Amino acid sequence: MDITSIFTQFLSGLTYGTILFLVAAGLSLIFGVMNILNFAHAALWLMGAYFSYTFWNLMQEYSFAFWLSIPLAGFAAAAVGWFLEVVLIKRIYKRELHEQLLITYSIALILSDTIKLTWGVTNKLIVRPEMLRKPVFIFGSPLDSYFILVILSGAAVAIGLWWFLKYTRYGHIVKAAVYSREMVAALGIPIPRIYTWVFTLGIFLAGFAGGIQAPIGSITLGMDNAIIIQAFCVVVIGGFGSLLGTLVGSLIVGEVMSFTILFWPEGAMVLIFVITAAILIVRPWGLFGTPMRT
Amino acid sequence: AAEPYNLGVALGLTGAGALYSADGVEGIKLAVEEINAKGGLLGQHKIELFIRDSQTKPDVGVREVKDLILRDKIRAVINDYSSAVAMAVKPIAQEYKVLHIASISNSENITMINPSPYTFQVVPNSYMQAKAAAVAIAKMAKQKGWKEFITIASDYEWGRSTQASAVKFLKETSPDLTLKKEFWPRLGETQFTSYITGIMAMKPDFVLGSVASNDNVAWMEQAKNYGFFDKIPYPGSLITVTELMLQAKTLTRGIIALTRAPFFAHMDNPMMADFVKNYRAKYNKYPSDWAVLCYDAVYALKQGVEKAKTIDTEKVKDAMKGMTVDLTRGRLTFRTIDNQLSCSSYTGTIADDPRYPFPIYKDIIEIKGSESERPESEILAARKAK
Amino acid sequence: MKNKYLFPAALFLLAVVLPFIVPEFWVHVLTEILIMGLFAASFNMIFGYMGQLTFGHAAYYGVGAYTTGLLIVKANVPLLVCLPLSMLSAGLCAAVLGYFCVKLRGIYFAILTMAFGQLVYYIIFQWYTFTGGDNGLQGIVPPAFLGKAANPYYFFTLIVVTLGMIALWIISASPFGYTMRAIRDNAERTEFIGINIQRYMHLNFIIAAMFAGLAGALWGPFNRSVAPDLCNWHHSGMPVFMTVMGGPSNFLGPLVGSAIYTMLMAFVTSFTEYWPMVSGIVIIVVVLVMPGGLLGLLGEKLPFLRQNEGNAKETKG
Amino acid sequence: MDDTGKLVLQIDRLKKSFGKYTVLTDVSYSLPKGEIAAIIGPNGAGKSTFFNLITGYHLVDGGTIRFMGREITNWPRHRIARKGISRAFQVSNIYPRLTTFENVRQAILTQQKRTLNIFTPAHRLARKNTLDLLELTGLLSHVDTVAGILSQGDKKKLELALALAGKPELLLLDEPTAGMSSEETHETMQLVKRLNREIGLSILFTEHDISVIFGYAQKLSVLYQGMVIAEGTPEEVRNNEEAQKCYLGEEV
Amino acid sequence: MILEVSGINTYYGTSHILFDVALHMKRGELVCLLGRNGSGKTTTLRSIMGLTIPKRGTVMFHGEELRGRPSYYVAQKGIGYVPDNRLIFPDLTVRENLEIARKKSEHYQGEPWTVEKVCDIFPHLKKLEKHLGGHLSGGEQQMLTIARTLMGNPELILLDEPVEGLAPLIVKDFAEKLIMLKEMGVTILFSEQNIRFSLAIAERAYVINKGRIEYEGTIAELSKNEDIKQKYLMI
Ligand SMILES: Nc1ncnc2c1ncn2[C@@H]1O[C@H](COP(=O)(O)OP(=O)(O)OP(=O)(O)O)[C@@H](O)[C@H]1O
Ligand SMILES: Nc1ncnc2c1ncn2[C@@H]1O[C@H](COP(=O)(O)OP(=O)(O)OP(=O)(O)O)[C@@H](O)[C@H]1O
Ligand SMILES: [Mg+2]
Ligand SMILES: [Mg+2]
């Protein structure tokens, strides 16, 4: 294998990793702040992709449609997320782990049928602007030009979230709230409101990631099924609630996928699970997470 | 009125097969409507449809079919998108003596091994398709002096059996071709970039693809944006009418591809012309391969009943053995040895056509069933080995 | 005092009588309820008694199913021999994987079991030459004496499942079972009274897996085929649904949950392809309205259903 | 040494740090069989840590711990417990969702090595022993109460019962009477004293309540800045200047 | 009068715990709430804080009705609470435990508290800054919870059994700190079992028994009232 093709493979691992990061970032944020593992995250991601398609489709004649539909997808998903939080998720903060998992899993089921009812079973395709239809070459390695946009968005989300977590206390509030919600409230922290907005923000990220995903291939039902498990792996490898961890975890999964495909194509997923299991056994809180009492 | 004819449909309405199955259901509904409008089977038995979701999972498929048989008292079931489901349903249908018509799933194993007299296949099976692709490719390989190739196939029954047969044929017909590498993306994969760059880096002379439904769309879209098709010939992979319609705007023109039942190849057949007309009137779109195949499945059954002159399943089953039927795809015969319909596969070059809002196949080559079927001797040998 | 056996006895009687009353399709559903009920009850050994949520229990169910499937298809081994062998293979598998799982707790435990479950799934999926890959195995035919009709196999299942449930009941009421409850309640304290909790949890994990394997072994001959989906994480979610619906703090909760869930599915899928939405809504309602599951709710109204499981709620300030 | 046979606990140069933070620098301690002794010291002196090291909750960094002449340093917790050291925790650490009865029965069954039994229904076993112990600790009126809703004082009693169920040779009590009213405090300490007298149980406890410390301990050790700075009879310690300065304050 | 509680009745489920409890605090007062185990001291403090909401009665803070408000709202108004079971966040470091509690509060007029300033009061905490809350000794946790409450800049602090588990020397030291806080203008209401400590520092006392306020008066008066002391405080 020559150096160019290694670099090419690295680049595609990077793009894959970025997409995973975009999906996992919101998941990790929600888990990090609210201690809820959101099974419905990928469904909302998918919904974001469909939203993006709809916006694009409605505004097709304008040249900005393509660009605008991506953030709009984020907002539309955030609205759904906000609704879900206020109506359902709010009721389960105090519940046990399995009940939270069941509720979010049920939401995922309901959402995927909602998607099916709304958009039908036919795949949706967004036609990219001319300038994004050809590959670019970086040191002789081809790269889908759209992925430059993807990587930039990934970076933007990473920086934005880093800022959010660094300059706010949300990360700490959760660790405190896990132990005693009552005490946190007695310190004057309005948990319900914080949770609502963090959840909404997390879902905004999911929808935005969906919008970013939409022009990559085609949008189909069931896309969320595969990615949610991979996103879990990312979060586990990187460490629950750690932004840096999520980023590193995504890149690890992306690159592992990308390179295993060359040597042991059938084994890519197996390897990801082996890595995830190994991390859990050796360092359950992940590469960058902090141990939490259970 | 006479007793109705209960017809079950168990297709993967959710999961990976939803896209194709939904079209199939539409084809079936149209056929049933037409038949019922004429009084039903034998002019008196109205067909009643019972539609279930097999979820593209074998054990769910089995449960749903059992339910159809026991509660809805169906006499025949059209099933499934997934070959694995069809294979799981086969013994159940045989046990309860219910006809089982496979109209989308096309693994050869459905009819080759452990054959059931109740199971019929109206779609060209994986062997026939692979052979058709190989014939087309071998010709091109000779012309262009190709030496090395790579395969990419979805990692499940259909992808595997299609890939295996195609590689075998290519080796037989063009011994100097070498298979450089096999790629096996997971069924349901959405990100193909690593495969794309991996393949491009190896610079094969051509790539043979058997990627399934939704994944196929994603794969081709993503590959295109890497300039994949400009660099590497991609002949003989399955690009059905569904993809032609879906990717009308984005599909790379000029690719040589393979499909199972393109309606435009048989517009000269009045039955097909009528079907397309009615289908468009009803659903406001052109029929995909799956709509055609499932429509044919119902008509094959109808003609079986007419030949048996009764709706009694035992008699219909016997009547259909080796029967010749008139379908949208022309006059075709079920092979006696395995109940496989001896139907054609189609290859051609993807190109725009002013008559349709999407590209179709140009220079279609119809590879007849008789040219592509597995020889009976091999089937017998395989059954013996089992 | 004895009336705590009343409810199980009534259920058993019902199970004996029902197949003579209901149409054949429902006998199949009943068989499924029993098999899934045993599966869910085995899951509850880990969830309800040990206090850990496993999301990979289907792996052991699948290993059991494949053991029986392979033995029947490839070697024509009698079913009665297959059952203990399936328990053994599932137990062995759990002995290896469980060793690592029991080191973790809570969400980490849930995810590790899920990762291992997926691993087993992918191995079965990929190992074409041995397991038939995603095709699964066909031709798993029950022995002739069980005949072709639904009832004989149903009664066979009923006997096996009843024996399995009795075994689980005995274990759960034994000192070992109470040690599990103690570990669930306060693992740290349990160490200081002199118990090697890792070892006990491992043992319990293996026991639970063995019974999951037994349930799996019954599935193949019932369905005539097995497929890798049986090991998938989606399938691991089923016992979770069932147990939560039925009530994890009641020994029969998982079985009752299996009945509700299976019948609901049999019913819903017959008229809509939007069964995921329906089941999603049902689960949400159950979780929100009946936190203790059906038996938990009924237990408040009908004391005879209640068992002294040491699960009374702690009133927090 | 000849008198090892008479020492239940013999600790030699024990060290413990958490990261850079050293809690115990060099602690040597011995406890003769059948004695009640107390360890006192300011908050954060390392008293609980000392107990945690003996019972295997934390790993020892240096030094040795001998119990009945046998070295038990860094044994796993459950082995130490089986060997005969029981403890009651500073913050009550019981089974909140099991009943008081089940709490104690669990500890007794463990002591009787019957917990691997998967055949006999648990309710047939150890009933009498459990009730006896509940009576002894004054919990009989709460047999079927779920332990989580017991009052603070009763939780502490249950804590003691769990420790006693292990039939220990050595009992470690970490602030056994914290949160109890003065009546209950003395009832509890009387019980402890009785056990010591009647079955010769060796007891080591910590307390901040001066009346308990001086009322019940036969031997006092003052732990300060990671070391034992004073040791002796209550009288000796009371008059020790250092002990006064760092712990008791002037006016005792 | 910054706090005026009148006629509150509080229930746990169906059991009636507080009966018409009334108390009031002036700015800068140091008041104690005495009573036996289970008499309702904790419940009274929780009722003011909004952690258990009284069924009837009023809790007026600076003339605003707080009964029925969520506890975060009460805290934001300027009431701090130190629970008897400490509730240190075990997974946060000492510093994080303090920082999470930092907030403005409506009625506080003094200079805002900082980590440095509270560490001046409890110098012992300074060297534990990076330790996890869960690793602290019992007494250290007690210091931390008080310090944490100060970080929220409360005008009124409710302390539940503040000296339980503290070494005698620290208790003495702590008594001085409380007086110091009081002199800084912070109003303090605390419950205690340690009568000696209470009588030494408080100005006024309430005695509660079986959920009813049985006595109210200055410490000087209480010291003289042997009847009340014997009947309710058992000394
Ligand atoms: N796991 C740990 N990690 C870091 N520091 C710890 C840990 N456990 C204890 N410490 C520190 O060690 C010191 C001794 O704590 P210990 O609990 O032994 O004190 P103590 O003497 O029992 O005090 P108290 O009388 O207040 O209960 C404390 O300063 C505490 O912060
Ligand atoms: N969560 C609860 N559920 C039911 N009853 C409770 C609950 N918490 C407290 N009680 C009861 O309320 C009464 C008052 O309790 P409270 O905690 O207010 O007493 P206290 O004066 O603070 O006692 P202590 O000095 O022991 O802390 C007690 O009888 C107690 O048993
Ligand atoms: Mg201590
Ligand atoms: Mg109190």
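Check the entry above for the structure.
So, how was this worked out
Residues numbered from 1 in each chain as written. Chains lettered and ligands numbered in written order. Predicted model: local features only at pLDDT ≥ 70, side-chain atom pairs only at ≥ 80, totals over all residues. Heavy atoms only, no water. Phe/Tyr/Trp six-rings, centres within 6.5 Å; stacked < 30°, edge-to-face > 60°. Helix = DSSP H or I, 4+ residues; strand = E, 2+ residues; numbered from the N terminus. Buried < 20%, exposed > 50% of the residue type's maximum accessible area, 1.4 Å probe, protein only. Contact = heavy atoms within 4.5 Å. Buried area = accessible area lost by both parts, 1.4 Å probe. Salt bridge = Lys/Arg side-chain N within 4 Å of Asp/Glu carboxyl O. Polar contact = N/O pair within 3.5 Å; in protein donor to acceptor, adjacent residues only side chain to side chain. Nonpolar A, V, L, I, M, F, W, Y, C, P; charged D, E, K, R; others polar. Donors = N, O, S within 2.8 Å, 3.2 Å for Na, K, Ca; no water. Disulfide = S-S within 2.5 Å. Pairing = 2+ DSSP bridges. Axes fitted to C-alpha atoms, helices over the stretch in contact; angles between N-to-C directions. Near = heavy atom within 4 Å. Areas by Shrake-Rupley, 256 points an atom, 1.4 Å probe, with all protein chains shown as cover.

### A short note on the packing of aromatic side chains
Two numbers describe a pair of aromatic rings. These are the distance of the centres and the angle of the planes.
Then step 1. Under the criterion given, the structure shown has 71 aromatic pairs over all chains.
Then step 2. Relative to B:Tyr81, the ring of B:Tyr20 lies with its centre 6.1 Å away and its plane at 70°, an arrangement referred to as edge-to-face. One end of the pair, B:Tyr20, is in helix 1 (residues 18–37); the other, B:Tyr81, is in the loop between strand 3 (76–78) and helix 3 (83–95), with 61 residues separating them in the sequence.
Then step 3. Residue classification places B:Tyr81 among the buried residues on the basis of a relative accessible area of 7%.
Then step 4. Judged by centre distance (5.8 Å) and plane angle (45°), the rings of C:Tyr153 and C:Phe156 are tilted. Of this pair, C:Tyr153 and C:Phe156 both sit in helix 7 (residues 150–173), 3 residues apart, which is roughly one turn of the helix.

### Considering the interface of chain B and chain C
One frequent convention defines the size of an interface as the accessible area lost when the parts assemble.
Then step 1. In this complex, chain B contributes 28 residues to the contact, which on the side of chain C involves 28 residues.
Then step 2. Summing the contributions of chain B and of chain C, the shared interface buries around 2600 Å²; its carbon and sulfur component is 51%.
Then step 3. Connecting chain B to chain C are 2 salt bridges.
Then step 4. C:Arg224 is the salt-bridge partner of B:Glu95, the closest N and O atoms lying 2.5 Å from each other.
Then step 5. Joining chain B to chain C, the criterion identifies 13 residue pairs in polar contact (both at pLDDT 80 or more).
Then step 6. Within the residue set of the side of chain B that touches chain C, elements represented by two or more residues are strand 2 (47–53), helix 2 (58–70), helix 3 and helix 6 (157–173) of chain B.
Then step 7. With 8 residues, the top contributor of residues to the side of chain B that touches chain C is helix 2 of chain B.
Then step 8. The class makeup of the residues in the side of chain B that touches chain C is 10 nonpolar, 4 polar and 14 charged.

### A word on the coordination of the magnesium ion (ligand 3)
In an ideal tetrahedron of four donors about a metal, each angle is 109.5 degrees. In an ideal octahedron of six donors, the angles are 90 or 180 degrees.
Then step 1. The magnesium ion (ligand 3) binds to the protein through D:Ser48 (OG) and D:Gln90 (OE1), with metal-donor distances spanning 1.9 to 2.2 Å. Of this pair, D:Ser48 sits in helix 1 (residues 47–54) while D:Gln90 sits in the loop between strand 6 (85–88) and helix 3 (100–111), placing them 42 residues apart in sequence.

### As for the state of the cysteines
Residues and elements named next belong to chain B.
Then step 1. All chains considered together, the criterion is met by 0 disulfides over all chains.
Then step 2. Summary of cysteine pairing: Cys 294 is not part of a disulfide, and the nearest cysteine sulfur, belonging to Cys 343, is at 13 Å.
Then step 3. Relative accessible area serves as the criterion here: at 0%, Cys 343 is assigned to the buried category.

### What about the interface of chain D and chain C?
Then step 1. If you look at the interface, chain D gives 37 residues, while chain C gives 31 residues.
Then step 2. Summed over both partners, the interface of chain D with chain C comes to about 3200 Å²; 57% of that surface belongs to carbon and sulfur atoms.
Then step 3. When the shortest N-O distance is used, the salt bridge between D:Glu159 and C:Arg189 registers 2.7 Å.
Then step 4. On inspection of chain D and its partner chain C, the count reaches 18 residue pairs in polar contact (both at pLDDT 80 or more).

### Structural notes on the sheet that holds strand 3 (residues 30–34) of chain E
Residues and elements named next belong to chain E.
Then step 1. Taking strand neighbours across the sheet as the criterion, the 6 strands line up as 6-7-8-3-9-10 in an open arrangement whose pairing is mixed. Of all strands in the sheet, those with a lone pairing partner are strand 6 (79–82) and strand 10 (212–218), marking the two edges. Averaged over all pairs of adjacent strands, the angle between strand axes in this sheet comes to 15°, irrespective of strand direction.
Then step 2. One ladder, built from 5 bridges, connects strand 7 (residues 156–160) with strand 8 (residues 187–192); its direction is parallel. Counterpart to Leu 159 in the pairing with strand 8 is Phe 190.

### Things to note about the site of ligand 1
Then step 1. Taken together, 23 residues form the shell around ligand 1, and within it D:Lys47, D:Ser48, D:Thr49, E:Gly139 and E:Glu140 come nearest.
Then step 2. Site remark: ligand 1 is flanked by residues from chains D and E.
Then step 3. One nitrogen or oxygen atom from the side chain of E:His135 is found 2.8 Å from a nitrogen atom belonging to ligand 1.
Then step 4. For ligand 1, whose accessible area on its own is 640 Å², the fraction buried by protein is 94%.
Then step 5. Sorting the residues of the shell around ligand 1 by element identifies strand 2 (21–32) and helix 1 of chain D together with helix 6 (138–151) of chain E as the ones contributing at least two each.
Then step 6. Among the residues forming the shell around ligand 1, the class breakdown is 7 nonpolar, 13 polar and 3 charged.

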